[in-house]
Amino acid sequence: MIRYALRCERDHTFESWFQSSSTYDSQVKRKLVECPTCGSTKVEKAIMAPRIVSKKGREAVPVPVPASPPPAQEVISPGSTALMMAQERELRAKLKELRDHIVKNADDVGERFPTEARKMHYGETEHRPIYGEASLDEARELIEEGIEVAPIPVLPDDRN
């Protein structure tokens, strides 16, 4: 799996995971990668700091990348904390709305998620929206088989 920092034509930045660099290239070419802020499909890779795993401790070591100045709309002035808090609340509300939509419109298959996703992918059962539980390894295996999966956002409030 590869995580890319991405930027759209309107200079919105976001991250996304891909099975490989060729998967990224293919999805961008087919306009399947879109900006979560504005919906633009004109997306390119942004500069990001790679992580290198050291042989000694097997810990990830961030590699510094020269910082570029932020775009004009991202400049923050003192006292803009209220604006940032409002944006965070709006983002949380949208993530909650997305989760509520998934829960309302898809079947919860619980721990059977990997099995059910495979059955649909290979034509053994009818396609339908589902959600459930899968370990990181199970999710990787599904992706390697060409089965599209995505995590459902979990918010700090959900863990109570």
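That block above? That's the structure.
One structure accompanies this document, and this report is about it. For every chain, the first residue of the written sequence is number 1, and numbering continues from 1 onward in sequence order. Only residues with pLDDT of 70 or above have their local features reported here, since the model is predicted, and side-chain atom pairs are shown and tallied only from 80 upward, although totals for entire chains, interfaces and linings are computed over all residues. Think of the side-chain values as coming from all heavy atoms in the structure, minus any hydrogens and water.

Focus on helix α4 (residues 136-144)
Accessible area is worked out with a 1.4 Å probe on protein chains only. A residue is then buried under 20% of its type maximum, exposed over 50%, and partly exposed in between. Where helices and strands are cited, they refer to DSSP runs of H or I of at least four residues and of E of at least two residues respectively, numbered from the N terminus. Taken together, the buried positions of α4 are Ala139, Leu142 and Ile143. Taken end-on, α4 shows its buried residues confined to a sector of 100 degrees, consistent with a single buried face. When the buried face of α4 is taken as reference, the exposed residues oriented beyond 90 degrees from it are Asp137 and Glu144. For α4, the elements touching its buried residues are α3 (113-121). Within two residues after α4, Gly146 carries a phi angle of roughly 90 degrees, on the positive side. Directions pointing from the helix axis toward each C-beta atom define the arc. Here a residue-residue contact requires only that any non-hydrogen atoms of the pair lie within 4.5 Å.

Quick word on the sheet that holds strand β1 (residues 2-8)
Strands sit in the order β2-β1-β3 across an open sheet of three strands; the sheet is antiparallel. Edge positions in the open sheet fall to β2 (13-18) and β3 (43-45), since each of these has one partner strand only. Between one strand axis and the next, the sheet turns through 40 degrees on average, direction left out of account. Across six bridges, the pairing between β1 and β2 is antiparallel. Directly across from Arg7, in β2, lies its bridge partner Thr13. A pair of strands is considered paired only if DSSP assigns at least 2 bridges between the two. Whenever a helix is involved, its axis is fitted only over the stretch in contact; in every case the axis is a line through C-alpha atoms, and angles between N-to-C directions fall within 0 to 180 degrees.

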